Amino acid sequence: MFPSCYSKPADSGGKRSSVAKLLLGVFVVYMLHTAWLLYGFLNTKPCDVGGGDPCINSYLAAKPRLQMSVFTCLVPDNSQLTLAVKVDPFDPHSAFERQVSIPLPEETRNNGSLYAVVYVHKAGVSPLEDRREVHYTAHLTTYITPPHPDGQRGAVKKPGSESPTSHWRPHLPVTLMSEEFIFSKAGLPSDVRRYMRVSQEGRRMVYLPLLLVNELSCRVKDLMEINSSSVQLPLTLSYEGISLRTFRFWIHLHDIVYSLRQFGFTEENIDEIKETLIGSNLYLLVLTALITSLQLICEFLALKNDISSWRKKKSMAGMSRKSVLWRCLGTLLVFLHLLEETSLLVLLPVGLGACVEVWKVFKVFKIHLSRRFYTNKLDEEERKTVELDTQASRYLSYLVYPLCISGAVFSLGYLRQKNYYSWLINTLVTGVYALGFLSMAPQIFINHKLKSVSHLQGAVLMYRGVNTLISDLCSCASFFSSPVPFTSSHQLSCFRDELLFLLYLYQRRRYSSIAKRRETKKVKTQ
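So, how was this worked out
- Residues numbered from 1 in each chain as written.
- Predicted model: local features only at pLDDT ≥ 70, side-chain atom pairs only at ≥ 80, totals over all residues.
- Heavy atoms only, no water.
- Helix = DSSP H or I, 4+ residues; strand = E, 2+ residues; numbered from the N terminus.
- Contact = heavy atoms within 4.5 Å.
- Disulfide = S-S within 2.5 Å.
- Buried < 20%, exposed > 50% of the residue type's maximum accessible area, 1.4 Å probe, protein only.
- Phe/Tyr/Trp six-rings, centres within 6.5 Å; stacked < 30°, edge-to-face > 60°.
- Expected span 1.5 Å × (residues − 1).
- Salt bridge = Lys/Arg side-chain N within 4 Å of Asp/Glu carboxyl O.
- Core = buried A, V, L, I, M, F, W, Y, C linked by side-chain atoms within 4.5 Å.
- Pairing = 2+ DSSP bridges.
- pLDDT = per-residue confidence, 0-100.
- Patch = residues over 30% accessible without salt bridge, like charges linked within 9 Å, V, L, I, M, F, W, Y side chains within 5 Å.
- Areas by Shrake-Rupley, 256 points an atom, 1.4 Å probe, with all protein chains shown as cover.

### Some remarks on the side chain of lysine 360
In this structure, lysine 360 sits in helix 8 (residues 344-364). Residues in contact with lysine 360, not counting those within four places in the same chain, are Asp306, Trp310, Val324 and Arg464.

In structure tokens:
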């Protein structure tokens, strides 16, 4: 909880401003560094053969006769391998797809694991005897908690269903960099170096094929639960040759998914992110990263100015108590809604925003917590504001109550598939998304009656207006490009905050001219 107003040194505001500017500067430098890395990622310079720099040539340039062999094993240590698929001859430039059935060992049927080891080696030679073979080990099974009935996250779970069970991955997508790119030894990218094996042929250096299993295409909805009666399961082996740029692109996406798991994201959250990453091209993802960075900057500046303005606020004249209260309740409901289905990384900023809103409620109601609970008295202007706030809330209730009751009755049909807590939270959150903009109506009404907006923080509204406009434009773009309309509650509320922001701009322009005329008349009378 943020402390209430108290005396501070005169330079405390300057120190806070300096810290905020420092943090903003660090963030901007980080984004510029990221942009520079993206530029280097998109433009990998080949080695200048005639320049005298040591070059690393591709093994595929000599057109060797290759073979792809896929083995299964219980432990990925190149022992007790069982041949599953053999592709001979193997052309790195030709895509293919094979449907096979994989027999399951008894250990795998008893909630165990199974791995696939993909080899690319010289044709007619065992991969264990070929010194120029490359291989990649991938999981054919994964452990997840069985999904809830009917796919509902809030459904009541059966006893014993909490423990993860082994599930089968029916697709094994293999990719190989088929581009015969010549690398410079001095400028070899660090991400490629992890997957590269270099063979020395006299003075000539050759790198073996860069092999990768694209595990991002594996979705939770495609997994098949393994039980003791599963003797064999189908497996689709697909292959595609890719360029260097695409290969590096997949490497970075794999690193992103690994980092998300380390931060505590659930498989359901990661699955949604995979769908976004797989369905987008590289340039669209770069644009998305830039938009997200712009939103983070706007949100940071809005939060900084919001806290600073409320700390300095002495009088609550012109501030709608009901708007602040309803915004606080809406933020807390969204936080509770995310609490049961998202990770700690997402909850932290939402929880910080909820704490700020709770602090605002204590400020606007002048509530102080010490050894005893007490509130400060209101002055004349604040009492007038409370009367206008009550009047606006009474008018608004004529519209809100019927809508809330009808929405709750409509959602009763989903109660069978959810428990009471989840039904209540989801119903309230849907109301916040659909009708949350109405909570600002009392503030607009008070501004109209007082003919002033000087009590509001213009910079905060400006930053959040820009941030919300970017979010809603992106939501509209995904809405028009999606084959299923209205895929989320957020899209139902598209452009709702922009309307209020435009009303604020209109009131600011109108009431500022009225204030100027009043000041002019006062000067003339004096």
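After presenting the structure, the write-up continues.
### A word on the state of the cysteines
Tallied over the entire structure, the rule returns one disulfide. The disulfide that involves cysteine 47 links it to cysteine 55, with 1.9 Å between the sulfurs. The S-S bond linking cysteine 47 to cysteine 55 shows a torsion near -60°; that makes this disulfide left-handed. Assigned by exposure class, cysteine 47 and cysteine 55 land together as buried.

### Considering the packing of aromatic side chains
Any aromatic ring pair is given by two values, namely how distant the centres are and how the planes are angled relative to each other. Tallied over the full model, the rule gives nine aromatic pairs. When the ring of phenylalanine 90 is compared with that of tyrosine 239, the centres are 4.9 Å apart and the planes differ by 75°; the resulting orientation is edge-to-face. Taken together, the residues phenylalanine 90 in strand 3 (residues 82-90) and tyrosine 239 in strand 15 (residues 232-242) connect sequence positions 149 residues apart. This pair shows no difference in class: phenylalanine 90 is buried, exactly as tyrosine 239 is.

### Topic: helix 7 (residues 321-339)
For helix 7, spanning 19 residues, the distance from its first C-alpha to its last is 27 Å, which sits close to the expected 27 Å at 1.5 Å a residue. Taken together, the buried positions of helix 7 are Arg321, Ser323, Val324, Cys328, Gly330, Leu333, Val334, His337 and Leu338.

### Some words on the pattern of salt bridges
Following the criterion strictly, the structure yields eleven salt bridges and no others. Between glutamate 180 and lysine 63 there is a salt bridge whose closest N-O contact spans 3.0 Å. Pair noted here: glutamate 180 is in the loop between strand 9 (171-177) and strand 10 (183-184) and lysine 63 is in the loop between strand 1 (55-58) and strand 2 (66-73), with a separation of 117 residues, a long-range link. Given the relative accessible area of 32%, glutamate 180 is considered partly exposed. Here lysine 63 falls in the exposed class, since its relative accessible area comes to 57%. Across the salt bridge formed by lysine 366 and glutamate 382, the nearest N and O atoms sit 2.9 Å from each other. Here the residue lysine 366 occupies a position in the loop between helix 8 and strand 16 (367-369), and glutamate 382 occupies one in helix 9 (residues 380-410), the gap between them amounting to 16 residues. Residue lysine 366 shares its accessibility class with glutamate 382, and that shared class is buried. Taken together, the shared-partner salt bridges connect Asp306, Arg327, Glu357 and Lys360 into one network.

### A few points about the nonpolar core
With 56 residues, the main nonpolar core has Met68, Phe90, Trp168, Leu172, Val174 and Phe183 as its most contacted residues. A total of eight residues in this core trace back to one element, the largest contributor, which is helix 4 (residues 244-262). What methionine 68 contacts, discounting residues up to four positions off in sequence, is Val85, Lys86, Val87, Phe90, Phe96, Val118, Tyr119, Val120, Val174 and Tyr239. In terms of nonpolar packing, the next biggest core, distinct from the first, is built from 15 residues, Val364, Val453, Leu456 and Tyr504 among them.

### Focus on the sheet that holds strand 10
In spatial order, the strands read 10-1-12-11; together these four strands make up an open sheet with mixed pairing. This sheet does not close on itself; its edge strands, each paired only once, are strand 10 and strand 11 (198-201). In this sheet, strand 12 (residues 204-207) lies alongside strand 11 in antiparallel orientation, the contact comprising four bridges. Each residue of the ladder has a partner; that of glutamine 200, found in strand 12, is methionine 205.

### Some words on the environment of glutamate 299
Counting through the fold element by element, glutamate 299 comes out in helix 6 (residues 282-312). Sequence separation between glutamate 299 and tyrosine 463 is 164 residues, and the spatial gap between their C-alpha atoms is 6.9 Å. Excluding residues that lie within four positions of it along the chain, glutamate 299 makes contacts with Arg464 and Asn467.

### Details of the confidence of the model for the chain
Taken over all residues, the pLDDT of the chain has a mean of 77, while the share at 70 or more is 75%. Below a pLDDT of 50 lies the segment residues 1-12, which in the model reaches 17 contacts outside its immediate sequence neighbourhood of four places, other chains included. Note that pLDDT drops below 50 for residues 149-161; the model gives that stretch 19 contacts with residues more than four away or on any other chain.

### Describing unusual backbone geometry
Each neighbour pair has its own omega, and for aspartate 88 with proline 89 the value is 0°, a cis peptide bond. A positive phi angle is found at lysine 366, which is not glycine, with a value near 55°. A relative accessible area of 14% means that lysine 366 is categorised as buried. Although it is not a glycine, lysine 451 adopts a positive phi angle of roughly 55°. Residue placement: lysine 451 occurs in the loop between helix 11 (441-450) and helix 12 (458-481).

### Some thoughts on a nonpolar patch on the surface
A cluster of nonpolar side chains, Met462, Val466, Leu502 and Leu505, forms an exposed patch at the surface whose accessible area comes to about 310 Å². Those elements giving two or more residues to the nonpolar patch turn out to be helix 12 and helix 14 (496-525). Here leucine 505 lies in helix 14. When its relative accessible area of 31% is taken as the criterion, leucine 505 is described as partly exposed.

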